[in-house]
Amino acid sequence: MKDIGYLAQDISILHRQYYKDTGKLFKAHNLNPTAACILLTINDNSHINQNQVAKSLVIDKGLATREIKKMQELGYLTKTPGNGKAIILNLTDAGQKVIPIIQKSRKNWWEARFSETGIQPDSPLVSAIETVVDSIVDESLE
């Protein structure tokens with residue numbers, strides 16, 4: 001059995017390949033894979049602010065700020081006042097139109113990888129990874 005310590009390296013390989021493959025698709029919409037993830041997070045979480053996006057994706061606040069600014073300039077999202085100092089991120093019509101494209105690209109990439117390897121979407125591996133990710137995200141939101 002492979003040392004579990006290599007799991008991080010394996011996940012990094014998957015991450016880099018996903019970004020490499022989907023980056024080409026997202027570039028057609030002036031996006032990169034990180035920006036696509038941010039848009040999906042905003043779509044999935046109404047009344048979310050920039051800090052919450054950064055924490056939920058476990059990305060640097062500066063990266064979130066830069067990507068959100070670019071997407072605002074591209075017309076994919078707007079900012080509106082929230083409670084206190086919070087600024088809520090909202091998808092524009094253009095942002096909402098690109099969401100199905102992002103979702104389909106992500107789904108197709110993973111389905112292709114799973115079908116090539118014989119792993120089923122209901123595999124215990126999938127739920128185990130989701131459990132670990134949830135614990136990391138929960139820690140970052142605290």
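Given the structure is predicted, the values throughout are model-derived calculations rather than measurements. (Residues numbered from 1 in each chain as written. Predicted model: local features only at pLDDT ≥ 70, side-chain atom pairs only at ≥ 80, totals over all residues. Heavy atoms only, no water.)

> Mind showing me how you'd approach the packing of aromatic side chains here?
The description of two aromatic rings rests on the distance between their centres and on the angle between their planes. Counting across every chain of the model gives four aromatic pairs. Ring geometry for Tyr18 against Trp109: centres 5.2 Å apart, planes inclined by 80°, an arrangement best described as edge-to-face. Of this pair, Tyr18 sits in helix α1 (residues 6-27) while Trp109 sits in helix α5 (residues 93-117); the two residues are 91 residues apart in sequence, bridging distant segments of the chain. Residue class for Tyr18 comes out buried when judged on its relative accessible area of 10%. Taken together, a centroid distance of 5.9 Å and an interplanar angle of 85° make the contact between Trp110 and Phe114 edge-to-face. Of this pair, Trp110 and Phe114 both sit in helix α5, four residues apart, which is roughly one turn of the helix. A network of ring pairs unites the aromatic residues Tyr18, Tyr19, Trp109, Trp110 and Phe114 as a single cluster. (Phe/Tyr/Trp six-rings, centres within 6.5 Å; stacked < 30°, edge-to-face > 60°. Helix = DSSP H or I, 4+ residues; strand = E, 2+ residues; numbered from the N terminus. Buried < 20%, exposed > 50% of the residue type's maximum accessible area, 1.4 Å probe, protein only.)

> Would you mind going over helix α4 (residues 61-73) with me for this structure?
For an α-helix, 3.6 residues make a turn, and residues three or four places apart therefore share a direction. In this model, α4 (13 residues) spans 18 Å end to end at C-alpha, consistent with the 18 Å of a helix rising 1.5 Å per residue. Listing the buried residues of α4 in full gives Ala64, Glu67, Ile68 and Met71. Burial along α4 is one-sided: seen end-on, the buried residues are contained in an arc of 100°. Away from the buried face of α4 by more than 90 degrees, exposed residues Arg66 and Glu73 are located. Of the surrounding elements, those touching the buried residues of α4 are α2 (33-44), α3 (50-57), β1 (77-81) and β2 (87-91). Two or three places before Gly62, at the start of α4, stands the capping residue Asp60, its side-chain oxygen 2.8 Å from that residue's backbone nitrogen. Note on α4: the residue one or two positions beyond its end, Gly75, has a positive phi of about 85°. (Expected span 1.5 Å × (residues − 1). Arc of directions from axis to C-beta. Contact = heavy atoms within 4.5 Å. Polar contact = N/O pair within 3.5 Å; in protein donor to acceptor, adjacent residues only side chain to side chain.)

> Explain the pairing of β1 to me, please; I cannot follow it from the model alone.
Strand residues, when the strand is regular, have side chains that alternate between the two faces of the sheet. Across five bridges, the pairing between β1 and β2 is antiparallel. Within β2, the position partnered with Thr78 by the bridge is Asn90. (Pairing = 2+ DSSP bridges.)

> Whenever I open this one, the side chain of Thr34 confuses me. Can you help?
Relative to the elements of secondary structure, Thr34 occurs in helix α2. In this structure, Thr34 is in contact with Tyr19, Ile59, Leu63 and Glu67, ignoring residues within four places of it in sequence.

> So what exactly am I meant to see when it comes to the pattern of salt bridges here?
Between side chains of opposite charge, a pair can form as their charged atoms come close. A full pass over the atoms with the stated rule returns four salt bridges. A salt bridge links Glu116 to Arg113, with the nearest nitrogen and oxygen atoms 3.3 Å apart. Taken together, the residues span about one helical turn, with Glu116 and Arg113 both in helix α5 at a distance of three residues. Connected through shared salt-bridge partners, Asp21, Arg113 and Glu116 make up one network. (Salt bridge = Lys/Arg side-chain N within 4 Å of Asp/Glu carboxyl O.)

> Can you walk me through α1 in this structure?
Its 22 residues place the ends of α1 31 Å apart at the C-alpha level, agreeing with the 32 Å of an ideal helix rising 1.5 Å per residue. Considering bend angle alone, the principal kink of α1 is centred on Asp21 and spans about 30°. Residues of α1 that are buried include every one of Tyr18, Thr22, Gly23 and Phe26, and no others. Contact partners of the buried residues in α1: α2 and α5. (Bend = angle between axes of the 7 residues up to and from the residue.)

> I tried to follow the nonpolar core on my own but got confused; where do I start?
Nonpolar side chains tend toward joint burial in soluble globular proteins. By size, the foremost hydrophobic cluster in this structure holds 23 residues, and its most contacted members are Leu31, Leu39, Ile42, Ile68, Met71, Leu77 and Ile102. Those elements that place two or more of their residues in this core are α1, α2, α3, α4, β2 and α5. A per-element tally of this core places α2 first, with six residues. Leaving out residues up to four positions away in the same chain, Ile68 has contacts with Ile38, Gln50, Leu77, Lys79 and Leu89. (Core = buried A, V, L, I, M, F, W, Y, C linked by side-chain atoms within 4.5 Å.)

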